[in-house]
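Residue-level structural notes
Okay, here's what each chain looks like letter by letter:
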Amino acid sequence: MNITKCEIPIRDLVEDYWDDAEEGVTGYFGRLDIRPPYQREFVYKPAQRDEVIRTVMNWFPLNVMYWAKTGQNEDGEDTFEVLDGQQRTVSICRYVDGEFSVDDRYFDNLAEDERERILSYRLDVYQCEGEPSEKLKWFRIVNIAGERLTEQELRNAVYAGPWVTSAKRYFSKTGCPAQQLAGDYLTGSSIRQEYLEKAIEWAASADGETVEGYMAKHAGEPSAVGLWNYFRSVIDWVQAMFPTYRREMKGLEWGLLYNDHRDRADLDPKELEAEVSRLMADDDVTSKRGVYEYVLTRNERKLSIRSFDKRDARAAYERQKGVCPYCGQHFSFEEMQADHIVPWSKGGRTVPENCQMLCRDCNLKKSDR
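All values derive from a computational prediction rather than experimental measurement.

**Examining the sheet that holds strand β2 (residues 18–20)**
- Read from one edge of the open sheet, 7 strands run β1-β7-β5-β6-β4-β3-β2, paired in mixed fashion. Of all the strands in the sheet, just β1 (2–9) and β2 have a single pairing partner and so form its edges.
- Across the sheet, helix α3 (residues 86–96) is in contact with β2, β5 (65–72), β6 (78–84) and β7 (122–129); its angle to β6 comes to roughly 115 degrees.

**Description of the pattern of salt bridges**
- Inspection of every chain in the model, using the stated rule, returns 27 salt bridges.
- Notably, a salt bridge pairs Asp84 with Arg88, separated by 3.4 Å at the nearest N-O pair.
- The structure contains a network of salt bridges with shared partners spanning Asp282, Asp284, Arg306 and Arg349.

**Some thoughts on the packing of aromatic side chains**
- All chains considered together, the criterion is met by 22 aromatic pairs.
- Summarising the aromatic geometry, the rings of Trp59 and Tyr121 are spaced 5.8 Å apart at their centres and angled 85 degrees between planes, so their arrangement reads as edge-to-face. Residue Trp59 is found in the loop between α2 (46–57) and β5, and its partner Tyr121 is found in the loop between α4 (112–119) and β7; the two are separated by 62 residues along the sequence.
- Residue Trp59 is classed as partly exposed on the basis of its relative accessible area, which comes to 41%.

**Describing unusual backbone geometry**
- The phi dihedral of Arg298 falls on the positive side, at around 60 degrees, and the residue is not glycine.
- Examined against the element boundaries, Arg298 turns out to sit in the loop between α14 (291–297) and α15 (310–320).
- Classification of Arg298 by relative accessible area gives partly exposed; the value is 45%.
- In this structure, Ser304 is a non-glycine residue whose phi angle is positive, near 50 degrees.
- Topologically, Ser304 is positioned in the loop between α14 and α15.
- Take Ser304: its relative accessible area is 37%, and that puts it in the partly exposed class.

**What about the packing of helix α9 (residues 194–206) against helix α10 (residues 211–218)?**
- In contact at an axis separation of 8 Å, α9 and α10 are set at 90 degrees when each is read in the N-to-C sense. Overall, the two elements α9 and α10 adopt an arrangement that is roughly perpendicular. Here Ile200, Glu201, Ala203 and Ala204 of α9 come into contact with α10, specifically with Val211, Tyr214 and Met215.
- When the residues that make up the contact of α9 with α10 are grouped by side-chain class, the tally is 6 nonpolar, no polar and 1 charged.

**As for the environment of Val14**
- The topology assignment puts Val14 in the loop between α1 (10–13) and β2.
- In this structure Val14 comes out as buried when scored by relative accessible area, which is 16%.
- Excluding residues that lie within four positions of it along the chain, Val14 makes contacts with Ile92, Cys93, Val96 and Leu119.

**A word on the pairing of β7**
- Summarising the sheet, β1 and β7 pair through 8 bridges and their orientation is antiparallel. Of the residues in β7, the one forming a bridge with Pro9 is Arg122.
- Summarising the sheet, β5 and β7 pair through 4 bridges and their orientation is parallel. Paired with Tyr66 across the bridge in β7 is Tyr126.

**Describing the environment of Gly226**
- Within the secondary structure, Gly226 sits in helix α11 (residues 225–241).
- The class for Gly226 is partly exposed, based on a relative accessible area of 45%.
- Spatially, the C-alpha atoms of Gly226 and Asp236 are 15 Å apart, while their sequence positions differ by 10 residues.

What counts, and where the lines are drawn
Position numbers for residues count from 1 along each chain, tracking the sequence in the order it is written. Local features in this predicted model are restricted to residues whose pLDDT is 70 or higher, and side-chain atom pairs enter the listing and the counts only when it is 80 or higher, whereas totals over whole chains, interfaces and linings include all residues. The basis for every side-chain value is the complete set of heavy atoms in the structure, and neither hydrogens nor water enter the calculation. In this scheme, strands are said to pair when DSSP sees at least two bridges between them. In DSSP terms, a helix is any run of H or I states spanning at least four residues, a strand is any run of E spanning at least two, and both are numbered starting from the N terminus. By the convention used here, residues are in contact when the closest approach between their heavy atoms is within 4.5 Å. Angles shown run from 0 to 180 degrees and are taken between the N-to-C directions of axes, each axis being a line fitted to C-alpha atoms and, for helices, limited to the stretch in contact. Counted as salt bridges are all cases of a side-chain nitrogen of Lys or Arg within 4 Å of a carboxyl oxygen of Asp or Glu. Whether two aromatic rings pair depends on their centres lying within 6.5 Å, for rings of Phe, Tyr and Trp, where Trp uses its six-membered ring; planes under 30 degrees apart make the pair stacked, over 60 edge-to-face, and the rest tilted. We call a residue buried when its accessible area falls under 20% of the maximum for its residue type, exposed when it is over 50%, and partly exposed in between, using a 1.4 Å probe and counting protein chains only. Each angle is binned into one of four classes, with values under 35 degrees roughly parallel, values over 145 roughly antiparallel, values of 65 to 115 roughly perpendicular, and all other values oblique. Residue polarity is assigned by list, with Asp, Glu, Lys and Arg as charged and Ala, Val, Leu, Ile, Met, Phe, Trp, Tyr, Cys and Pro as nonpolar; anything else, Gly included, falls into the polar class.

What follows is the structure, given as structure tokens:
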């Protein structure tokens with residue numbers, strides 16, 4: 001990787017600045033791709049964005065930026081893409097373009113000498129030239145500081161191409177189709193690639209692939225419509241099976257449940273809703289989020305059934321005189337575990353009269369049956 005240090009005045013950086021949500025962001029006389037396919041969306045918070053502008057206004061130094069050389073334009077001039085520094089670059093360009101104010105002052109509200117001071121500020125830029133593999137390796141290294149990249153953002157860099165670009169249109173924009181369709185079911189942020197990562201995780205699992213394997217298999221395809229159709233099928237299935245929305249549904253692994261249960265003919269939405277409603281009202285169920293997975297898998301551990309408190313356990317121990325009713329042996333209190341006499345799944349409640357103390361081995365054998 002050949003690296004050359006340059007000083008780029010802001011007046012040159014913002015020349016021909018252009019920002020299109022679909023097609024990308026450019027500047028520097030149209031010669032700089034500010035948001036290449038492997039880069040994230042703009043994620044700076046207003047406070048971070050404003051500090052960049054205050055730094056420039058006061059002529060304090062900004063951290064160095066990195067541009068990767070991509071070739072030449074029709075006039076024989078070098079072209080570049082931002083390797084590191086996109087958030088600072090967009091902050092500067094948007095301010096000069098009048099998109100936001102800092103301390104209640106837009107760029108056009110500044111005095112002429114203040115505007116000139118900003119435009120003449122010189123950015124320290126390292127211009128890098130090398131093979132694509134070198135560029136991506138360097139991209140990982142220089143992005144360790146600042147707004148650290150997520151694993152999915154790094155994957156987007158490795159598998160950059162038309163498929164990733166298409167997938168980001170569905171899953172990675174503010175107000176993207178995935179957010180509109182399933183924002184109530186997903187956690188995280190679309191612009192930090194968390195929606196995209198989740199969709200790929202689910203689809204990859206359905207195909208028996210890793211996330212990386214799935215992306216590698218599809219990287220050369222012109223469109224991610226297959227991933228989008230799969231994702232829509234997941235959400236359609238969830239809404240059909242559980243038409244009453246509850247906040248506990250947000251962030252569950254719906255795609256994995258869809259993969260395992262979508263073909264079951266025994267699932268009745270009305271029966272599921274009745275059971276979900278009953279479990280939500282059950283005080284012994286301490287993990288309400290686990291209700292949905294339980295009604296599909298019957299894995300009682302997902303419910304985190306309320307345990308007997310120490311007082312009830314001690315009373316049962318003294319009542320039994322320390323003897324395990326299953327094996328008939330005597331144990332210390334610390335060697336025994338509180339257990340439901342009538343299992344919770346058969347209507348037993350977590351109340352003192354339904355408490356018994358079993359030795360660890362007997363309790364384990366009972367749980368396994």
